[in-house]
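# Fold and contact review
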Amino acid sequence: MNIQSAINKEVFIPRDERMLVAVEVRRRKKKRMSFLPTGAKGDYATFICVSVTNKRPHQLLITKVKRFGGSSSFTRRSQWTVEQLRQVNGINPNKDSPEFDLVFDNAVDQWVASSSADKCIFVQILYHACQTYWEGKAGSLGKAGRRGRASQSAQREAEPGPSDSSPGSASKTLQARRKSYVPPRHTEFVNCQSKLTGDACTMNLVIYRCKAFLNRLKNIMVANQSRSAARGQRVTGSTMGNVVHRVNVALGERGDRLTHAEDKTVELLHRAQQFADTAHKLALKYSK
């Protein structure tokens, strides 16, 4: 099971939501230290997820999910509705880049995705999810307006006498309601590549998914090579340590032998000197 499936199963399915996309991110600019229990060194992974509720009316949600070091479980930290998402800033409209910003009513988050392909997939799916959501919202409002006008006309037909002579008051009331209604502001996508926010984007999405898959494979291969190199270094280090130890032992033994030989040489010189002295005395004695 990949990470996205695990997040969907653990975080969103129990809340009757369906995850559309998730991207692993890190902050582009460090924020002030949090008092959240992030472990001894703040070792954790952060994911920004887009989900939709299964119950009607559907809600489009943006959720921050964390996985702390030493744990395989995921924790939901913050969640916003799409109405609170004011802007998605792609940073560079001319090339693929991993940086992007999310501007909410009460927060501005500056992120760097694990790769430019992962960021492009996230922005592309989020854009079309927003388009679908706002179109569905407008359609539901239009149906509600039509139902309201139909009920008002049926009420006028059912009312006797004076109500038939004042249709203008009902139309004025309806116009006043229309003027007082303020439509919600849609999410703004700025500095995003046109291929991410265009209609014919299925092929681009397939390409970015392939790029993201190849990037993950490359990261896995690099990690495996690093671990193999580390193991080789440990083996080489231990081998060199053994060699140095053996050399030290050999040098110590050789030093001991040289010291013993030096002692024997001094002893032989001392005996030779004694023999020479004795011979000289004997020679002097017999010469007389």
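Further up the page is the structure itself.
Figured I'd write up the structure that's included with this text. (Residues numbered from 1 in each chain as written. Predicted model: local features only at pLDDT ≥ 70, side-chain atom pairs only at ≥ 80, totals over all residues. Heavy atoms only, no water.)

## Here's the deal with the sheet that holds strand β4 (residues 75-81)
Read from one edge to the other, the open sheet built from eight strands follows the order β4-β3-β2-β1-β7-β6-β5-β8, with strand pairing classed as mixed. Sheet topology places β4 and β8 (188-190) at the edges, where each strand pairs with a single neighbour. Across the sheet, the mean angle separating the axes of adjacent strands is 30° when strand polarity is ignored. Where strand β5 (residues 85-89) lies against β8, three bridges are found, and the strand directions are parallel. Bridged to Gln-87 within β8 is Glu-188. Of the strands in this sheet, β1 (17-27), β2 (44-53), β3 (60-68) and β4 are in contact with helix α1 (residues 3-12), which crosses β1 at around 115°. (Pairing = 2+ DSSP bridges. Helix = DSSP H or I, 4+ residues; strand = E, 2+ residues; numbered from the N terminus. Axes fitted to C-alpha atoms, helices over the stretch in contact; angles between N-to-C directions. Contact = heavy atoms within 4.5 Å.)

## A word on the pattern of salt bridges
The final tally for this structure, using the stated rule, is six salt bridges. For Asp-101, the salt bridge is made with Arg-28, and the minimal N-O distance between the two is 2.8 Å. You can see Asp-101 sitting in strand β6 (residues 99-104) and its partner Arg-28 sitting in the loop between β1 and β2, a full 73 residues away along the chain. Exposure remark for Arg-28: the relative accessible area of 29% places this residue in the partly exposed category. Taking the shortest distance from any N to any O, the salt bridge between Asp-105 and Arg-86 comes out at 2.5 Å. Of the two residues, Asp-105 is situated in the loop between β6 and β7 (108-113) and Arg-86 in strand β5; the sequence distance between them amounts to 19 residues. By relative accessible area, which is 45% here, Asp-105 ends up partly exposed. Each of the salt bridges in this network shares a partner with another, and the network as a whole consists of Arg-27, Lys-64 and Asp-109. (Salt bridge = Lys/Arg side-chain N within 4 Å of Asp/Glu carboxyl O. Buried < 20%, exposed > 50% of the residue type's maximum accessible area, 1.4 Å probe, protein only.)

## So, the nonpolar core
In this structure, Ile-48, Leu-60, Phe-100, Leu-102, Phe-122, Leu-126 and Phe-189 are the most contacted members of the largest nonpolar core, which totals 33 residues. At the level of secondary structure, the elements contributing two or more residues to this core comprise β1, β2, β3, β5, β6, β7 and α2 (116-158). Top contributing element to this core by residue count: α2, with twelve residues. Beyond its immediate sequence surroundings of up to four residues, Leu-60 is in contact with Leu-20, Val-50, Ser-51, Val-52, Trp-80, Thr-81, Val-82, Ala-129, Cys-130 and Tyr-133. Counting eleven residues, the second-largest nonpolar core is a separate cluster that includes Val-11, Phe-12, Met-19 and Ala-45. (Core = buried A, V, L, I, M, F, W, Y, C linked by side-chain atoms within 4.5 Å.)

Function-wise, these values are silent; they only describe arrangement.
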